[in-house]
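# Summary of the model geometry
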Amino acid sequence: MRAIWLIAKATFHEAWRRRFLNGILVFGILIIGSSWTFTYLQPGAELKMLIDTGLGAIRFFGMLIAIFLGVRLIPDELEKQTIHTLLAKPVTRAQFMLGKFFGGVATVFANVALMGITFFIVYTIKASQFQKIAAEAEEGATYTMIFMSANIAKAIGLAFFELTVLVGIAVLASILFSWILGAIFSFFIYFVGQMADFLRELSSPEHGADPVSSIIFGVLYRILPHFEIFDIREKILMDDLVPWSLLGNITAQAIIYIVVILMIGYLVFNEREV
Amino acid sequence: MAKIYTHDLEGNPVGLIDLSLEVEEGQIFGLVGPNGSGKTTTLKLFLGLIFPTSGSGEVFGYPLGSPVYKERIGFVPEGPYFYDHLNAVELLRFYGSLFGLTGPSFQDRIEHLLRLVGMWDRRDRKVADYSRGMLQRIALAQGLINDPDIVFMDEPTAGLDPIGAIQIREVIRQIRNEGKTVFLCSHLLKEMEPLCDTVAILNHGVVCRTGTMRELLADEDSCYLATFRGLSESSLQQLQSLAVSVEQQQEDTYIGNFRDQNSAVAAAQALATGGVELLELHPHQLSLEEVFIEAVGGIPQ
Ligand SMILES: Nc1ncnc2c1ncn2[C@@H]1O[C@H](COP(=O)(O)OP(=O)(O)OP(=O)(O)O)[C@@H](O)[C@H]1O
Ligand SMILES: [Mg+2]
């Protein structure tokens, strides 16, 4: 435990020195902070637009950070050989890997939190004004906003869990392949995972695909993470209180996924020469 | 043990081909060999960073790679690199914490080590700004943080200024004098010769000679060398008649080669009456360099 904690802490600190990641974060915060200025594009639906862009930006920039951070966590240690002094200490490879992973997750958490806070500030300032516009607009939607901020907080929480899975995938991919290939692989998984429902459709017999590809789509549907489940923007706009049970369910799926990924990663990394 | 990475174009194995070593506790053990002979590979095997292709090894009776013996070892890597964001104190605290070290005695140990490697005055500087030699110094301190029973070192004086190198060698001797073991890899033969108790010569991945330094450097047909200064014309002739051979070194300094110690001493006494000064008297020894070059099959033309 001690080793995992210490390595995670060091990883967190090192990550903030990565200019590239800082750049993505700053860019994300700028986009989120100025998202209300684009809302004129959808007159009457400003609030929807604000939530769409804000949460969308958190997920998108969070995704970039998770992947680019995740695929460099272990290769950086191998290239700079900092891993040698670590593994020469009473640190097992499992502890090392978990330390790197949790350090990466903590970094993503901090990044998502900063973007989330930015979004909340914008939302708090602009929400009632946009709601008024929506109510006055002829065909505009009206929003009740009883549960809205609670739901937004939950959406940001889910975005974090989604990115945690993605960090795991990126770490695993960087162990299996090189970090560049790992990044490409992670992007691929992420985008295909966004379309999990589509894959299911493709695999269904009614769709009329030939049996081989329908099996392939079926397998993909089962093994790929269903990243779309983390996206609850529609529910937010409906202003249904997103129930904790749903959150718990999604989080549980994420955790199972992460455990499996880390176990595969460990099996490979334990045999790896460093 | 063997660790074969690949085979070269002619089909010869590349890496560590035949390593068979036993290191006794309480000594400075030197593993010397040309570049690419497999010194770093040997260390990586000991630390469990890579795995042998065949054979096996133990440290303190535990199989290679076991986290148990790592509590008791230290490692000073070659061309070290550390987390950039730490300063010297934080870096030692980080590595020490991995051993569960805490408290005031740990703080004292950090200060002691930083003073030992001459980094105490520069302890607030971040690793990112370190020079090559400073990295090497902090690498040594981090390798000693747990007061290890055996320290593995890969070229520990690389990149150090002369004073630094002397200090590090002094530290290495000090560790040995505390009853600890030092496993030292280097190709700096001049440095290893006065330092190591036992040496193994590694060439092309094969240990070709091992022995204590004294055994290796002992010359079969040993003779005694005496260095004299201030010889007059006549005393030079006297020396030439007493010694097996005479060699001029500097303008007024001559080295006489004697069959044994007694004849050398007798000659020195005889010459002393003529005002000749005896500068040095010692048995002729091979240098580690000579032994090494012979062991690795000469200098390629
Ligand atoms: N990861 C690797 N893959 C393939 N070959 C390797 C690898 N690491 C080392 N080698 C080869 O193994 C041999 C031994 O290398 P090693 O680094 O152990 O040498 P060394 O004695 O430490 O040399 P130096 O004095 O230059 O540090 C060399 O021929 C080297 O090219
Ligand atoms: Mg080497």
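In the block above lies the structure referred to throughout.
### Quick notes on the overall build of chain B
Scanning chain B from N- to C-terminus turns up eleven helices and 14 strands. Taken along the three principal axes of its C-alpha coordinates, chain B extends 70 × 50 × 35 Å. Counting every position in chain B, which comprises 301 residues, the buried fraction comes to 48%. Total accessible area on chain B stands at roughly 14600 Å², and carbon and sulfur atoms take up 48% of it. Side chains of chain B give 23 positive and 40 negative charges; the mean places of these two sets differ by 9 Å.

### Some details on the state of the cysteines
A full pass over the atoms with the stated rule returns zero disulfides over all chains. Unpaired in terms of disulfides, Cys 208 of chain B finds its nearest cysteine sulfur in Cys 185 of chain B, a separation of 14 Å.

### Points about the site of ligand 1
All names here are of chain B. In the vicinity of ligand 1, 14 residues are found, and the nearest of them are Gly 36, Lys 39, Thr 40, Thr 41 and Glu 78. In the model, an oxygen atom of ligand 1 is placed 3.3 Å from a nitrogen or oxygen of the Ser 37 main chain. At a separation of 2.9 Å, an oxygen atom of ligand 1 approaches a polar side-chain atom of Glu 78. Out of a free accessible area of 640 Å², ligand 1 has 63% covered by protein chains. Elements that contribute at least two residues to the shell around ligand 1 include exactly β2 (13-16) and α1 (39-46). Take the shell around ligand 1: its biggest share by element is three residues, from α1. Considering only residue class, the shell around ligand 1 consists of three nonpolar, eight polar and three charged.

### With respect to the packing of helix α1 (residues 2-15) of chain A against helix α5 (residues 93-136) of chain A
All names here are of chain A. At a minimum axis distance of 7 Å, the contact between α1 and α5 shows a crossing angle of 45°. Relative to α5, the element α1 lies oblique. Crossing of α1 over α5 shows right-handed handedness. For the pair α1 and α5, the contacting residues are Ala 3, Ile 4, Ile 7, Ala 8, Thr 11, Phe 12 and Ala 15 in the first and Gln 95, Phe 96, Leu 98, Gly 99, Lys 100, Phe 102, Gly 103, Gly 104, Ala 106, Thr 107 and Ala 110 in the second. The class makeup of the residues in the contact of α1 with α5 is eleven nonpolar, six polar and one charged.

### Brief notes about the interface of chain B and chain A
The interface is formed by 27 residues belonging to chain B together with 28 residues belonging to chain A. In total, chain B and chain A occlude about 2600 Å² of area from one another, counting both sides; carbon and sulfur atoms represent 63% of this. Among the residues chain B hides against chain A, the three largest losses belong to Leu 49, Tyr 83 and Leu 98 of chain B. Together they make up 28% of the total. Inspection of the region where chain B meets chain A yields one salt bridge. The residue Glu 273 of chain A makes a salt bridge to Lys 3 of chain B at a minimum N-O spacing of 2.8 Å.

What counts, and where the lines are drawn
Residues numbered from 1 in each chain as written. Chains lettered and ligands numbered in written order. Predicted model: local features only at pLDDT ≥ 70, side-chain atom pairs only at ≥ 80, totals over all residues. Heavy atoms only, no water. Helix = DSSP H or I, 4+ residues; strand = E, 2+ residues; numbered from the N terminus. Buried < 20%, exposed > 50% of the residue type's maximum accessible area, 1.4 Å probe, protein only. Areas by Shrake-Rupley, 256 points an atom, 1.4 Å probe, with all protein chains shown as cover. Lys, Arg positive; Asp, Glu negative; His and termini not counted. Charge placed at Lys NZ, Arg CZ, Asp CG, Glu CD. Disulfide = S-S within 2.5 Å. Near = heavy atom within 4 Å. Polar contact = N/O pair within 3.5 Å; in protein donor to acceptor, adjacent residues only side chain to side chain. Nonpolar A, V, L, I, M, F, W, Y, C, P; charged D, E, K, R; others polar. Axes fitted to C-alpha atoms, helices over the stretch in contact; angles between N-to-C directions. Parallel < 35°, antiparallel > 145°, perpendicular 65-115°, else oblique. Left-handed = near helix turned anticlockwise from the far one by under 90°. Contact = heavy atoms within 4.5 Å. Buried area = accessible area lost by both parts, 1.4 Å probe. Salt bridge = Lys/Arg side-chain N within 4 Å of Asp/Glu carboxyl O.

Fair warning: the whole summary comes from geometry, so function is off the table for now.
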